[in-house]
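Working through the structure, step by step
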Amino acid sequence: MLVGSQKLSGRMKRSAIIGGILAALCVGGAAAAFALAWRPTIAAIDPPTPLSFDAGLVKRGRELAAIGNCGDCHTVRGARNFAGGLPVPTPFGTVYSSNITPDPETGIGRWSEAAFRRAMRSGVGRDGTHLYPTFPYDHFTNVSDEDDRALYAFLMTREPVRAPARENQLAFPLDYRVLIAGWKLLFLHRGSYRPDSTKSAEWNRGAYLVEGLAHCGACHTPRNALGAERASASFAGGDVDNWQAYPINAQSSSPVPWDAQALFSYLRDGWHPDHGTARGPMAQVVSNLSSAPSSDVRAIAVYMADVLGTPTPDRKRQGEAALAQAKSGAAPAPQADAVGASIYAAACASCHEGGRPPPYGGINLGLSTAIASPDPRNLANIVLSGVRPLEGERSPIMPGFAASMSDTQIAALLNFLRTRFGNQVPWNGVEKTVEDARRTQTVFLQTSAGPRNAPPDASQRDKP
Amino acid sequence: MMTLMINGLTHQLDADPDTPLLYVLRNDLKLNAAKFGCGLGQCGSCTVIVDGKAVLSCVTPLLLLEGKQVTTLEGLGTISEPAPIQRAFMEEQAAQCGYCIAGMMMRAQALLQKNSKPTDEEIRTELEQNLCRCGTHMRILRAVRRAARLMDTAELSPGNQGSVP
Amino acid sequence: MNAPVILDRRRVLMGGGALIVSFSLTAAFAQDQAAPVATPAPKPPGSLATTPYLDSWIRIDADGSITVFTGKAELGQGFKTAFQQIAAEELDAPFASLKVVTADTQLTANEGYTSGSHSMQDSGTAIQNVAAQVRGLLIAEAAKRLELPAENLRTEDGAVISPNGRRLSYGELVAADMLHVQAQANSRLKDPSTFKVMGQAVPRVDIPAKVTGGAAYVQDIRLPGMVHARIVRPPGYGAELIDCDTSTIEKMPGVVKVLRDGNFLAVVAGKEFLAVKAMNALAAAAKWKETARLPKQDDLANVLTKLPSQDSTIFERSNPAVVGRKTIEASYTRPYQSHGSIGPSCAVAQFTDGAMTVWTHTQGVYPDRQGIAQMLKMPPASVHLIHVEGSGCYGHNGADDAAADAALIAHAMPGVPVRVQWMREQEHAWEPYGPAMVTKLKASLDENGKIADWNFEVWSNTHSMRPGGAGCMLAAQHMAQPFAVPAAKPIPLPEGGGDRNAIPIYTFPNAHVVHHFIPEMPLRISAMRALGAYHNVFSIESFMDELAVAAGADPVEFRLRHLDDQRGREVIEKAALGFGWRKGQKAPSDRGFGFAFARYKNLAAYCAVASEVEVNRETGRPRLVRAVAAVDSGQVVNPDGLINQIEGAIVQSMSWTLYESVTFDDTRITSIDWQTYPILRFDAVPDSIDVQIINRPGQPFLGSGETGQGPAAASIANAIADATGKRLRNLPLTRKRIKDAIDA
């Protein structure tokens, strides 16, 4: 399972971002930082009428917005589209996403295209204020002018919603936006994507999207102490709201190595027979990609397959063995936790060994990345909360076991699964992981459409 | 032999530990309320309460239940002395075929035990796991709201709670 | 009223009429078939026409307890309570002193199937008339005993009371075969203004058991020594069992028997879960040969319209003087849809001393008995079917098949009660679906914005393959000596099947309606709530809105412009008023208003539905916000029961309309559970549904169990069109289809 989402990347970055700002303060000194930070206001415009935008451009913008997952952060679950207000809680306070509907007073209705482009490029609002890097302009800076134009056209033709920005709740001195300039100085590398002429056009298209608008690294790349993605560990796995965003480079722990075709169908359909179903924050990403042009999804798959690299002969062999075992259904049962084994046999096997292919039959657990991963959190999350149905759509359902299994029972099950199917060293401290997961996780597993009259501070996202 | 606590009584059961609770309730204990709907944890008609939480008895093997308290609809009240949730469903006439209703009531009961004044959204979100095919949803929602009020009143008069033992 | 007086054992006189006393001395309650009736004219009402004896319907014991018998099956519609109200009212007996016995081949009348919203019309009407006539008989008997004129006597609380207060209870008055007389054509029914029980929202009699864990369903039957069976069905239609080594399964713990009869495969165990485990093992051991014979799902409309069909013009009206100026046309489709009962089908059977007893939730105990008897080569009289409620079925689901399964297995295990319950996947994969349909409409508007001509064509299979013979039941089809599926027959008008509600209720100067009946059935199909009316009303009422748009007219006003039926007009007006419908109004942003109307079968209840739907323009997600319905089902017996039915119809139809379609590949059904056949969950339940009743005291009961399906569907579709400006014509109106339409 891949896990990723840009909103969550913001949460993940919380402490690091703040650290970065403090560092910038120290580096430059307050006065210098202020000089560095100043940006002019870009003149307000009269909101353009929706009809002034070319329909083709709007359509292109819609597809790009799906790839960029814009609605995910800028829409509170169940509330008005793109009206912002989604809270991103941090230990230092809360940042709220902004209203990007064309409402002239509370949205971006008075933003010119230049103002929009500047925000994407360098994280500056129309009035010259610096935007918190919860908005991933460290990636969006790579987006071409042409694509920014399409995105702008798309957003400016949305339904305007009057929804004033919610006040961020940040402690002094972090409520001073000028400090963000320091963070940018260190970590924002402005500029458009530069193609690699040694690679195919498709690869380049994929790289452009992945590094830019799709901002995959925001979740899948670990961050340094100052909250920036570690260039040296690109796609080596990240941490998102108590989910692990899996490594999607050579360190990938999927039992069967990924290739471009598998990535394509996974990203497009949300599942793949050899890899299972996208869950957690990644569920939203694949849902959006299902409405993006297949050529773009294929390009992303081609590029990511290259990032994942050609598997070593050893890894390839292991993958083939895992597949063969999954197909034959027979596997030698190694010595394993007896309690866990009986729980598995009674509660899990009827679906996971039912012979029905995914996404509806439950993946053969010998193919599960969650079990093969060094980090047991994702498995704990799934066992606790299951997989809930999408409103009115064909989608996998798995009952959650939070109410019927104790932490000890789940830990026993997880340990059994790791030994039985993981072919890996045992996990440590699984019971603690389960305890933590039970405390924090349930809400993020919601994949169903949200309550309609959701309270304004709902932290869940809209789906579908 | 398994020992289970069901509706406040201890039962010795001649059943394999991998048997889903539902079959034991229906066949060994002859309790009708929990229903077989899908056997897959997709529809909620088998919902019972285990240690205060709504649990799908069709995917809950006995071996998970050692030392836990199981409550079924029969454990809440009877025709002559209905629990608040049962009174509420009768008063709202919240059933058509009624096959899903026992499961609905148990999930609602579990919700009301931990949240005595749920919002309409909280009720809907909680009941989302349970399917009804007759389209009795509007009445079910009304019945749960009524049950909340009845339980509130019942709390004032002790000994009339009808909640889990 | 002036039928000849035939005297036999006793003469009973009442008023100016006469009662035809039966020659029959058979057990009073065995009604194997309707006895031939000496043709009285006119025909008595409702099911009395076929089952004329009063004691087939009502029996009064010496202790005063009253039992009402109906050949219809309670399916959760609540009519058991309504029948009890009707009988209590016309008998003047306390509601609680009555008991209603439902479909049982040894106890009740043969009323065929419980279907087509006929229960109130057929059985309810019969019971009402019988109760009135029984009351008359009791008064006559009292008059005789008291030597007083009958006109001086009145009834109250289960007794006849004389002017001086003398009280003769019904129990005292009733004699052995006093009620074993044929009904008269006419009854002295009570004046509706005096009703005390009818018209009241009497609480349903079945609900207390259902909410306290009482035994309420066939699934709850536990007989001494009962065993549990599970079936292993073929993986797809027409698959043949080539090989199955049952020896290991027979040795599994708890397994009592493995039964193989051709392609019919079953396992029996003492404990239910062991039967399930053994079923899984047996399924794994079975090797099948499958045939690719299912049509291409993506191309269903084409496939259907290209199949051979029997075409008939079912309605024609012509007025060459009226000529259309502006013509529009459209085609609408409906996929196969599933009944989707929450509880899989179940039955219990026991074969003892050459007699078979089956407890079943079939909708037709007599026809189902016929099929089972044929399958087992037994005389029908040796087969006893007892209806026990199951999970709601909304038509012909797996109930009859499960009954046949249980009977076939029990037949092989004499003396042992056998309980069969289907698994979820089996119910979804094997139930007979509501048929896929295609309609093509074309109409012209005249210069005044009125419809000048109307053309409607519908392509459909039959809508009933209910058992009447063994060939309709899976077990009999799968046996080594199989019974062939009988040829499909269309259900004749005026009720119709695929053409149910195909004839517009509106008055158009020129109209032409064609039914293309398709005998070949690519998927197993049968009756599903409202039959063809669901899609025909969806089509007609969607198209009426398309025409209203073309005419620049308000949808409600446009309908009224074409409707002469006064009761229909009142229903439309009431729903519009209740909704707050205003001409030229605009729904709030991202929302739309929709309206639709129909009279079910053009002869049952009237229903209009106004709805407000919200559409998320980015995701396409539709949400029914609220609906207001008005219904006229004649004399109302239980208003709350009627509201419950209409509420349910709207909610269920919304689920069909927005979400549901059966899926398949070329060999197998692939929608086999709630993952693959999603239905409404609570997150999409509307904020409110308001059902308003127009009561018609003294008017005949009009069936209302299905009247809401079509109007609800079209009302929602019209609201989506209003919200998005896009017309969706292919059911279901999914989020994806709406999004694609918005983005297009």
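Scroll up a little and you will see the structure.
Residues numbered from 1 in each chain as written. Chains lettered and ligands numbered in written order. Predicted model: local features only at pLDDT ≥ 70, side-chain atom pairs only at ≥ 80, totals over all residues. Heavy atoms only, no water.

The subject of this paragraph is the interface of chain B and chain C. Many structure descriptions define interface size as the accessible area lost when the parts assemble. Contact with chain B, which involves 57 residues of that partner, is made by 68 residues of chain C. Buried area between chain B and chain C, summed over both chains or domains, comes out near 4,900 Å², and the portion from carbon and sulfur atoms is 54%. Among the residues of chain B in contact with chain C, Gln96(B), Arg133(B) and Met138(B) are the three that bury the most area, contributing 18% of the side total. Where chain B meets chain C, there are seven salt bridges. In this structure, the salt-bridge partner of Arg142(B) is Glu647(C), at a minimum N-O distance of 3.8 Å. (Contact = heavy atoms within 4.5 Å. Buried area = accessible area lost by both parts, 1.4 Å probe. Salt bridge = Lys/Arg side-chain N within 4 Å of Asp/Glu carboxyl O.)

All right, on to the sheet that holds strand β8 (residues 159-161) of chain C then. All names here are of chain C. Here three strands make up an open sheet; going across it, the order is β7-β8-β9 and the pairing antiparallel. Both outer strands of the open sheet, β7 (154-156) and β9 (167-169), are each paired with one neighbouring strand and no more. Strand-to-strand twist across the sheet, computed as the mean angle between neighbouring axes with direction ignored, equals 30 degrees. Sheet topology places β7 next to β8; three bridges connect them, and they run antiparallel. Looking at β8, one finds that Arg154 is bridged to Ile161. Sitting on the sheet, helix α2 (residues 119-146) touches β7, β8 and β9, and the angle it makes with β8 is about 50 degrees. (Pairing = 2+ DSSP bridges. Helix = DSSP H or I, 4+ residues; strand = E, 2+ residues; numbered from the N terminus. Axes fitted to C-alpha atoms, helices over the stretch in contact; angles between N-to-C directions.)

A few words on the interface of chain A and chain B. Across the boundary between the two partners, chain A contributes 20 residues, which contact 19 residues of chain B. At the boundary of chain A with chain B, total buried surface from both sides reaches about 1,600 Å², with 56% on carbon and sulfur atoms. Linking chain A with chain B are zero salt bridges, by the criterion used here. Between the two partners, chain A and chain B, sit three residue pairs in polar contact (both at pLDDT 80 or more). Top element by residues in the side of chain A that touches chain B is helix α15 (residues 338-352) of chain A. It accounts for five residues. Partitioning the side of chain A that touches chain B into residue classes produces eleven nonpolar, seven polar and two charged. (Polar contact = N/O pair within 3.5 Å; in protein donor to acceptor, adjacent residues only side chain to side chain. Nonpolar A, V, L, I, M, F, W, Y, C, P; charged D, E, K, R; others polar.)

Right, let's get into unusual backbone geometry. Backbone torsion omega between Leu493(C) and Pro494(C) reads 10 degrees, so that peptide bond is classified as cis. Looking at the element boundaries, Pro494(C) is found in the loop between α11 (474-478) and β24 (510-517). The backbone phi angle of Asn7(B) is positive, close to 50 degrees, even though this residue is not glycine. For Asn7(B), the position within the fold is in the loop between β1 (2-6) and β2 (9-13). With a phi angle near 50 degrees, Asp353(C) is a residue other than glycine that sits in the positive phi range. Relative to the assigned elements, Asp353(C) resides in the loop between β18 (346-352) and β19 (355-360).

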